[in-house]
Structures are given as C-alpha cells and as structure tokens.
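Okay, here's what each chain looks like letter by letter:
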Amino acid sequence: MSSDSLQLVRTRIGERIAEIEARVGRLKPVDIRAKMDAIRVMAADHGLAALEGLADFGAHHAMLPGHRQATRCALEHMDAALNSNCPSDRQTILAAMAQRLH
C-alpha cells in the first residue's frame, strides 16, 4: 500500500475516532461497540496492528461495567495507535491502558 493510500485510510479512521469522541457521552454501549468494531476492521484490513488491538479493546469493554472510563481511556490512546507503524506498539499501548485502568 502506498503512503498516500495509507494516509487516506488514517484520515478516514481519524474522522470516525473524532465522531466517537464528540458523542461518547451520548452513545449507548452497543453503539460504541459497533463504532469501535468498525474501526478495528478497517485497521486490520490495512495492517494497523496497534489500532486494531486498541479498537478491539474498546469494542469489548464498551459492553462491560465502567465502559465510559474504558472508552475514554481508549480514545486517549487512539492517536498514538493510529500513527503507529510498529506492530509491537500494540502491546505497549494496551499495557499502558491496563495499568491506567487498574
């Protein structure tokens, strides 16, 4: 994939993230899950491993107690994950979130 194509994908995903950020307080857990899962699929399709893992975390935790805090925490790390080019960043970002949430 060319760098221009990847940048276009990152821009589109960034728009989806911004939509969630703007509406997170008003979204139902099922809607958060669906939006995070859509981001996960796009990230997986384009080899964005860190973002895929973070969106998977967000989708899963959207349906659990404390989902608002977990969703906000995931959103705070989305920019780093979106701009990551290193698959090992997935574990680093998820570990940072786990430490912060517990």
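Rules used throughout
Residues numbered from 1 in each chain as written. Predicted model: local features only at pLDDT ≥ 70, side-chain atom pairs only at ≥ 80, totals over all residues. Heavy atoms only, no water. Salt bridge = Lys/Arg side-chain N within 4 Å of Asp/Glu carboxyl O. Helix = DSSP H or I, 4+ residues; strand = E, 2+ residues; numbered from the N terminus. pLDDT = per-residue confidence, 0-100.

### Quick look at the pattern of salt bridges
Alright, step 1. Tallied over the entire structure, the rule returns 4 salt bridges.
Alright, step 2. Measuring nitrogen to oxygen at the nearest pair gives 3.0 Å for the salt bridge that ties K35 to E19. With K35 in helix α2 (residues 29–45) and E19 in helix α1 (residues 3–23), the pair connects residues that are 16 residues apart, well separated along the chain.
Alright, step 3. Between D37 and R40 there is a salt bridge; the shortest N-O distance is 2.8 Å. Here D37 pairs with R40, and both are found in helix α2, just 3 residues apart, close to one helical turn.

### With respect to the confidence of the model for the protein
Alright, step 1. Summarising the model, the protein shows a mean pLDDT of 91, and 98% of its residues fall at 70 or more.
Alright, step 2. Confidence scores differ between elements of the protein, with helix α5 (residues 89–101) showing the lowest mean pLDDT of 84 and α2 the highest of 96.

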